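Here are the chains, one letter per residue:
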Amino acid sequence: MALLVAASPIRAHALDMPSPFVQEVLIKSILLTLNDAVASDNFTILHAKISKPFRDQFPPEKLRAVFKDLVEKHAVFDAIVANPVIPDEDAKIDDKGVLRLKGHFDTTPKKVSGITIDIE
């Protein structure tokens, strides 16, 4: 499963690089919000939490369409976030001030990977 989400309206370049602990909190927070959106089939809170450029591009109805398979399969992420995030790349702030976090969770027997969180 791959997930690409832009979260938090705070510009990363205005801040120092968040600690690994804060990075993990950011990742798990947005995954739990996605979990709630999928479970309730209501994407308005997820929409409110994503960055403005993504809000403009993805209204709640479009987010629901993007995650339609997860809704239909009744996907659950709350147990996943009990595991630590395993970084696939070093965290970085790009030239636009976006914090880029990429990693996965060890969720044997199935692997949740390709998680990329962009925080503007």
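Residues numbered from 1 in each chain as written. Predicted model: local features only at pLDDT ≥ 70, side-chain atom pairs only at ≥ 80, totals over all residues. Heavy atoms only, no water.

### A closer look at helix H1 (residues 20–40)
Here H1 contains 21 residues, and its C-alpha end-to-end distance of 30 Å stays within 8% of the 30 Å for a straight helix at 1.5 Å per residue. Residues of H1 that are buried include every one of Gln-23, Ile-27, Lys-28, Ile-30, Leu-31, Thr-33, Leu-34, Asn-35, Ala-37 and Val-38, and no others. Of the residues flanking the end of H1, it is Asp-41, one or two places downstream, whose phi is positive at about 55 degrees. (Helix = DSSP H or I, 4+ residues; strand = E, 2+ residues; numbered from the N terminus. Expected span 1.5 Å × (residues − 1). Buried < 20%, exposed > 50% of the residue type's maximum accessible area, 1.4 Å probe, protein only.)

### Things to note about the packing of aromatic side chains
Enumeration according to the criterion identifies 2 aromatic pairs in this entry. Here Phe-43 and Phe-67 contribute two aromatic rings whose centre-to-centre distance is 6.2 Å and whose plane-to-plane angle is 5 degrees, an arrangement assigned as stacked. In this pair, Phe-43 sits in the loop between H1 and helix H2 (44–49) while Phe-67 sits in the loop between helix H4 (60–66) and helix H5 (68–72), placing the two residues 24 residues apart along the sequence. Seen in terms of ring centroids, Phe-54 and Phe-58 are 5.8 Å apart; in terms of plane orientation they differ by 20 degrees. Their pairing is stacked. Phe-54 gets classed as partly exposed once you look at its relative accessible area, which sits at 24%. Note that Lys-62 overlies the ring of Phe-58, its terminal NZ or CZ placed 5.1 Å from the centroid. (Phe/Tyr/Trp six-rings, centres within 6.5 Å; stacked < 30°, edge-to-face > 60°. Lys NZ or Arg CZ within 6 Å of the ring centre and 35° of its normal.)

### Structural notes on the pattern of salt bridges
Two side chains carrying opposite charge are able to pair once their charged atoms lie near each other. Per the counting criterion, the structure on display carries 6 salt bridges. Of the charged contacts in the structure, one is a salt bridge between Lys-28 and Glu-24, with a shortest N-O distance of 2.7 Å. Taken as a pair, Lys-28 and Glu-24 lie in helix H1 at a separation of 4 residues, close to a single helical turn. With a relative accessible area of 23%, Glu-24 lands in the partly exposed category. The salt bridge involving Asp-41 is made with Arg-64; its shortest N-O contact spans 2.7 Å. You can see Asp-41 sitting in the loop between H1 and H2 and its partner Arg-64 sitting in helix H4, a full 23 residues away along the chain. When salt bridges that share partners are traced, they join Glu-89, Lys-92 and Lys-102 into one network. (Salt bridge = Lys/Arg side-chain N within 4 Å of Asp/Glu carboxyl O.)

### Remarks on the confidence of the model for the chain
With 78% of its residues at a pLDDT of at least 70, the chain reaches an overall mean of 82. Averaged pLDDT values for the elements of the chain fall to 48 in strand S1 (residues 3–7) and rise to 96 in H4. Predicted confidence is poor over residues 1–6, with pLDDT under 50, and the contacts of this stretch with residues over four places away or in other chains come to 25 contacts. (pLDDT = per-residue confidence, 0-100. Contact = heavy atoms within 4.5 Å.)

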